[in-house]
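Chain residues, written in single-letter form:
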Amino acid sequence: MSTIQTDKIFKKQDFVYFSMKNVLSIILGGGQGTRLYPLTKLRAKPAVPLAGKYRLIDIPVSNCLNSGVDKIYVLTQFNSTSLNRHINQTYRPSSFSSGFVDILAAQQTPDNPGWFQGTADAVRQYMWLFEPWDITEYLILSGDHLYRMDYSDFINRHRDTNADITLSVLPVGYDVASSFGLLKVDGSGRVIDFQEKPKGDALEKMKVDTTSLGLDAEAAKEKPFIASMGIYVFKKEVLAKMLKNNKECTDFGKEIIPFAIENYNVQAYLFDDYWEDIGTIESFYDANLNLAKPNPAFSLYKSESPIYTRPRYLPPSRIFDCQIKDSILGEGCILEKVTVNHSMLGLRTTINEGSVIEDALLMGCDFYQKDNEYKADIAAGRVPMGIGANTTIRRAIVDKNAHIGNNVQIVNKDNVQEGSFEDQGFCIRNGIVIVLKDAIIPDHTII
Ligand SMILES: Nc1ncnc2c1ncn2[C@@H]1O[C@H](COP(=O)(O)OP(=O)(O)O[C@H]2O[C@H](CO)[C@@H](O)[C@H](O)[C@H]2O)[C@@H](O)[C@H]1O
């Protein structure tokens, strides 16, 4: 590489690094949390445990930090203890940094009587706090996506095209198209049409030739739609103006973006890596278990862009005489004579002799049960914390701190698709059994 090119690259990097300081990131942490219920029964959505040791919020926050964006607000409908504890114990900027990760929960004020009414309303309610920042762009992110993105590329494309708003987009197929905002772009990348979650004829009308995005003919046939990923870069003054002048608009996808394409320079930024919206029980379960497959589409093991989370100083996992295949184990697990197949076992999971875990996501425990409490439980005939002996768990999510007895079967034996049995400690969503946090499932139970 010649000296001139090297100089250019260095200058560009310096500029990019410096200019990411001019970005304020706002992470939409979730509304009422109905789609991930019951995982959001006792915690705010950003605090839902992910991939054996992380929480949902770690994904966008890590992407921000790895991209040089260090001013981060997380908007959430309610403030849970687990979210506060996690953020406070994980993201502590040094005293020399201007960075922070702050949680902003919906609150009652004289102007706003209640909950956030939608994504744009959530941002509007805190504009008084965002506007005084001396920044040039807002980066609006979702709290329930699994992906790794260098936002500096996204922001630089926004700046290079002098866009008012830039949407990150990717091609999708018929199977998922109508659950996304779909768009059309012109030859310069400008968005010229946008429909939020169109169906039927309206969906057909959003079909485009995605070879223009660089897909080969076969891939373009499989993915003939361009979908919005629901993440946006806004020029600072454009967002302020739009939210101020369009008080009736409460949602980005339904109102703000469709309105903007008529009136502003809205550009598309093509993202061509793994990305998944994991905001429903089914997609959340699939994405977690996909990580446990050989050659997963999303890798947790990239040291150049790590996913950060709370350091816990846990002991290593202890595995004694087990058969384990295609699985991920968090730290501090204790497994004895068990079979585990294609599963994700979270921190401090304990499983006793003879149990079989298959296609399951066990979130583990927040603490180890003390010896004297364990003995007292056994002596009194109560179920101790963890998974008992000779128990089978298949196609299920077990939330944290569950007490699951001996000879239990969690296999959805009646093939129920949807059901709430909260008084018995579980729910079923999309045929996936979810054992609630802290639930007690007695010996010999069959679900
Ligand atoms: N009241 C509230 N307060 C705080 N946070 C809230 C909130 N309501 C929702 N959120 C959060 O905002 C993000 C977007 O959620 P939405 O439910 O509004 O949109 P959806 O994901 O359906 O579509 C959007 O994302 C998809 C991509 O997944 C796009 O295709 C589509 O155009 C776009 O509207 C999620 O992280 C959600 O948890």
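Residues numbered from 1 in each chain as written. Predicted model: local features only at pLDDT ≥ 70, side-chain atom pairs only at ≥ 80, totals over all residues. Heavy atoms only, no water.

Description of the overall build of the chain
Part 1 of the argument: On a plain count of helices and strands, the chain comes out with 13 helices and 29 strands.
Part 2 of the argument: The C-alpha atoms of the chain give a radius of gyration of 23 Å, which matches the 22 Å a tight globule of 447 residues would have.
Part 3 of the argument: Along the three orthogonal principal directions, the C-alpha set of the chain runs to about 70 × 60 × 55 Å.
Part 4 of the argument: When burial is assessed residue by residue, the chain has 53% of its 447 residues classed as buried.
Part 5 of the argument: In the chain, 63% of the contacts between residues at least 6 apart in sequence involve partners at least 24 apart.
Part 6 of the argument: One finds the centroid of the 48 positive side-chain charges in the chain at a distance of 3 Å from the centroid of its 55 negative side-chain charges. (Helix = DSSP H or I, 4+ residues; strand = E, 2+ residues; numbered from the N terminus. Rg over C-alpha atoms; globule rule 2.2 N^0.38 Å. Buried < 20%, exposed > 50% of the residue type's maximum accessible area, 1.4 Å probe, protein only. Contact = heavy atoms within 4.5 Å. Lys, Arg positive; Asp, Glu negative; His and termini not counted. Charge placed at Lys NZ, Arg CZ, Asp CG, Glu CD.)

Description of the domain arrangement of the chain
Part 1 of the argument: By domain assignment, the chain separates into domain 1 (6–290) and domain 2 (318–441).
Part 2 of the argument: A C-alpha centroid distance of 34 Å is found between domain 1 and domain 2.
Part 3 of the argument: Taken together, the contact pairs 17 residues of domain 1 with 27 residues of domain 2.
Part 4 of the argument: Of the roughly 1,900 Å² buried where domain 1 meets domain 2, counting both sides, 65% is carbon and sulfur surface.
Part 5 of the argument: At the boundary of domain 1 and domain 2, one finds three salt bridges.
Part 6 of the argument: Its salt-bridge partner being Lys53, residue Glu331 comes within 3.1 Å of it at the nearest N-O pair.
Part 7 of the argument: The element contributing the most residues to the side of domain 1 that touches domain 2 is helix H12 (residues 281–290), with six residues.
Part 8 of the argument: Residues belonging to the side of domain 1 that touches domain 2 are distributed by class as follows: 10 nonpolar, two polar and five charged. (Domains from an automatic or database assignment. Buried area = accessible area lost by both parts, 1.4 Å probe. Salt bridge = Lys/Arg side-chain N within 4 Å of Asp/Glu carboxyl O. Nonpolar A, V, L, I, M, F, W, Y, C, P; charged D, E, K, R; others polar.)

Some thoughts on the site of the ligand
Part 1 of the argument: The environment of the ligand is formed by 28 residues, the closest being Lys45, Glu196, Lys197, Ser228 and Asp277.
Part 2 of the argument: Side-chain polar atom of Ser142 to an oxygen atom of the ligand: 3.5 Å apart, as the coordinates give it.
Part 3 of the argument: Here an oxygen atom of the ligand sits 2.8 Å away from a polar atom, N or O, in the side chain of Asp277.
Part 4 of the argument: Notes on the ligand: free accessible area 710 Å², of which the protein chains cover 91%.
Part 5 of the argument: The set of elements that each furnish at least two residues to the shell around the ligand consists of helix H4 (119–125), strand E10 (191–196), strand E11 (225–235) and strand E13 (275–277).
Part 6 of the argument: Top element by residues in the shell around the ligand is E11. It accounts for four residues.
Part 7 of the argument: Partitioning the shell around the ligand into residue classes produces eight nonpolar, 13 polar and seven charged. (Near = heavy atom within 4 Å. Polar contact = N/O pair within 3.5 Å; in protein donor to acceptor, adjacent residues only side chain to side chain. Areas by Shrake-Rupley, 256 points an atom, 1.4 Å probe, with all protein chains shown as cover.)

Details of the nonpolar core
Part 1 of the argument: Counting residues in each nonpolar core, the largest one holds 66 residues, and the members touching the most others are Leu139, Tyr147, Tyr151, Phe284 and Ile397.
Part 2 of the argument: Among the domains, domain 1 (6–290) and domain 2 (318–441) are the pair contributing at least three residues each to this core.
Part 3 of the argument: Beyond its immediate sequence surroundings of up to four residues, Tyr151 is in contact with Pro60, Asn63, Cys64, Ser67, Leu139, Leu141 and Ile231.
Part 4 of the argument: The next biggest cluster of nonpolar side chains, apart from the first, holds 44 residues, and it includes Leu75, Leu104, Leu213 and Cys249. (Core = buried A, V, L, I, M, F, W, Y, C linked by side-chain atoms within 4.5 Å.)

Here's the deal with the environment of Thr161
Part 1 of the argument: When you line up the elements, Thr161 lands in the loop between helix H6 (151–160) and strand E8 (165–172).
Part 2 of the argument: In this structure, the C-alpha to C-alpha distance between Thr161 and Ala268, residues 107 residues apart in sequence, is 10.0 Å.
Part 3 of the argument: What Thr161 contacts, discounting residues up to four positions off in sequence, is Asn265 and Gln267.
Part 4 of the argument: Within the structure, Thr161 has its side chain in polar contact with the backbone oxygen of His158 (distance 3.3 Å).

Brief notes about H6
Part 1 of the argument: Looking only at H6, the buried set comprises Tyr151, Ser152, Phe154, Ile155, Asn156 and His158.
Part 2 of the argument: Remark: Asn162 follows H6 within two positions and exhibits a positive phi of approximately 50°.

Some details on the pattern of salt bridges
Part 1 of the argument: According to the stated counting rule, one finds 18 salt bridges in the structure shown.
Part 2 of the argument: With its nearest N and O atoms 3.5 Å apart, the salt bridge here joins Asp121 to Arg124. Remark: Arg124 and Asp121 occur in helix H4; sequence separation between them is three residues, near one turn of the helix.
Part 3 of the argument: Arg124 sits in the buried class, given a relative accessible area of 14%.
Part 4 of the argument: Lys235 is the salt-bridge partner of Asp164, the closest N and O atoms lying 3.5 Å from each other. With Asp164 in the loop between H6 and E8 and Lys235 in strand E11, this pair connects stretches of sequence that are 71 residues apart. Residues Asp164 and Lys235 agree in their burial class; the two are buried.
Part 5 of the argument: Linked through salt bridges whose partners overlap, the residues forming this network are Lys21, Asp70 and Lys71.

A short note on the packing of aromatic side chains
Part 1 of the argument: One pass over the structure, following the stated rule, counts 16 aromatic pairs.
Part 2 of the argument: Ring geometry for Tyr174 against Phe225: centres 5.0 Å apart, planes inclined by 90°, an arrangement best described as edge-to-face. Of this pair, Tyr174 sits in helix H7 (residues 174–177) while Phe225 is found in strand E11, placing the two residues 51 residues apart along the sequence.
Part 3 of the argument: Among the aromatic residues, ring-to-ring pairing joins Tyr73, Phe100, Phe130, Trp133 and Tyr138 into one connected group.
Part 4 of the argument: Over the ring of Tyr54 we find Lys53; its NZ or CZ atom is 5.9 Å from the centre of that ring.
Part 5 of the argument: A cation sits over an aromatic face here: Arg348 above Tyr368, 5.8 Å from the ring centre. (Phe/Tyr/Trp six-rings, centres within 6.5 Å; stacked < 30°, edge-to-face > 60°. Lys NZ or Arg CZ within 6 Å of the ring centre and 35° of its normal.)

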